[in-house]
Amino acid sequence: MKLIADWRRVLSRSLSFWMQVVGLLVLIVPEVWFAMTGQDYDPYAAWWLGVILLVAGLGGRLVRQEARLWKELLRIGGVALVAIMLAVLLATSVHAAPATQAETLDIAVPFIAQEEGESLVSYRDIVGVPTICFGATDGVEMGMRMTHQECVDLLWAEVAQYRDRLHAYFTPRTISDRLPPTRDAAYTSLAYNCGVAGIGRSTATRRLNSGDVAGGCQALTWWNKAGGRVIRGLVNRRKREQVLCMAGV
């Protein structure tokens, strides 16, 4: 196998060649970013960008290359920039208004309160962690006591924090189009019960970010273990979260 005679010229200034290179980066870079940060990308924007780059590359096969290198590089950079701008525009133009925090909390807080149950005196949960109120564990020590109103206020504040932290793992498309208050509440309930980092990096979140709503809701049910064993109470709770997640689908 031999290289073409003018491979150096193609490598340095071919529009079609570099559109394919950028298209390949569109596939690779988001995966590297997720591995490093745990944050996913917007697959809708990536899809549009890939299509636009492919079309630009095909068109580049019909355009005569400039004699001067700087002119060709300028054209390649310009086409890539326009492709990115078009992809972002197309990806965001159909986005709806996302669910507000208040809308989600109105559903999530009563749901979590019912699932967790209330204890005004601290106790150790199923894995031995000091817990109080509606499952609160942060800063809790054995022997603590709280009033009902203090527990309610604490739950609202904590659920809001869990929701905000979990949203860092969702793509803009997911937040605007795939996360109505009921589904937002289901994912928030799971994060409150199992931890934000674990749920943020989970298959449930990745599936939702990719547009697989039903698959994401199904994956919520996998979080049914504590201390390495399946817990019937968690199995039942996950089923109720799945139902909440699928509302309206």
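Higher on the page you've got the structure.
Okay, so let's go over this structure.

Thresholds applied
- Residues numbered from 1 in each chain as written.
- Predicted model: local features only at pLDDT ≥ 70, side-chain atom pairs only at ≥ 80, totals over all residues.
- Heavy atoms only, no water.
- Helix = DSSP H or I, 4+ residues; strand = E, 2+ residues; numbered from the N terminus.
- Buried < 20%, exposed > 50% of the residue type's maximum accessible area, 1.4 Å probe, protein only.
- Contact = heavy atoms within 4.5 Å.
- Areas by Shrake-Rupley, 256 points an atom, 1.4 Å probe, with all protein chains shown as cover.
- Disulfide = S-S within 2.5 Å.
- Axes fitted to C-alpha atoms, helices over the stretch in contact; angles between N-to-C directions.
- Parallel < 35°, antiparallel > 145°, perpendicular 65-115°, else oblique.
- Left-handed = near helix turned anticlockwise from the far one by under 90°.
- Nonpolar A, V, L, I, M, F, W, Y, C, P; charged D, E, K, R; others polar.
- Expected span 1.5 Å × (residues − 1).
- Pairing = 2+ DSSP bridges.

What follows is about the overall build of the chain. A tally of regular secondary structure across the chain gives 12 helices and four strands. Burial analysis of the chain (249 residues in total) assigns 39% to the buried set. Expressed as a percentage of contacts within the chain between residues at least 6 apart in sequence, the contacts between residues at least 24 apart total 66%. A total of about 13900 Å² of accessible surface is found on the chain, and carbon and sulfur atoms cover 62% of it.

Right, let's talk about the state of the cysteines for a bit. Tallying each qualifying case throughout the model produces two disulfides. The disulfide that involves Cys 133 links it to Cys 151, with 2.1 Å between the sulfurs. Between Cys 133 and Cys 151, the S-S dihedral sits near -65 degrees, and the bridge is therefore left-handed. Remark: Cys 151 occurs in helix 6 (residues 148–167) and Cys 133 occurs in strand 2 (residues 130–133); sequence separation between them is 18 residues. Each member of the pair Cys 133 and Cys 151 is classed as buried.

Packed helices, taken two at a time, are described by the angle between their axes plus the distance between the axes. Between helix 11 (residues 213–220) and helix 12 (residues 232–245), whose axes approach to 8 Å, the crossing angle comes to 160 degrees. Between helix 11 and helix 12, the crossing angle belongs to the class labelled roughly antiparallel. The way helix 11 lies across helix 12 gives a crossing that is right-handed. Of helix 12, the residues touching helix 11 (which contributes Cys 217, Gln 218 and Leu 220) are Arg 238, Glu 241, Gln 242 and Cys 245. When grouped by side-chain class, the residues that make up the contact of helix 11 with helix 12 number three nonpolar, two polar and two charged.

Taking 1.5 Å per residue, 16 residues should reach 22 Å; helix 5 (residues 101–116) reaches 21 Å between its end C-alpha atoms and fits that length. Restricting attention to buried positions, one finds in helix 5 the residues Thr 104, Leu 105, Ala 108, Val 109, Phe 111, Ile 112, Ala 113 and Glu 115. As for helix 5, its buried residues are in contact with helix 6, helix 8 (181–194) and helix 12. Two residues or fewer past helix 5, Gly 117 is found with a positive phi of approximately 75 degrees.

Let us now look at the pairing of strand 1 (residues 119–124). Pairing analysis gives three bridges linking strand 1 to strand 2, with the strands arranged antiparallel. Directly across from Arg 124, in strand 2, lies its bridge partner Pro 130. What sits between strand 1 and strand 2 in their antiparallel hairpin is a turn of five residues, with Gly 128 showing a positive phi close to 90 degrees.

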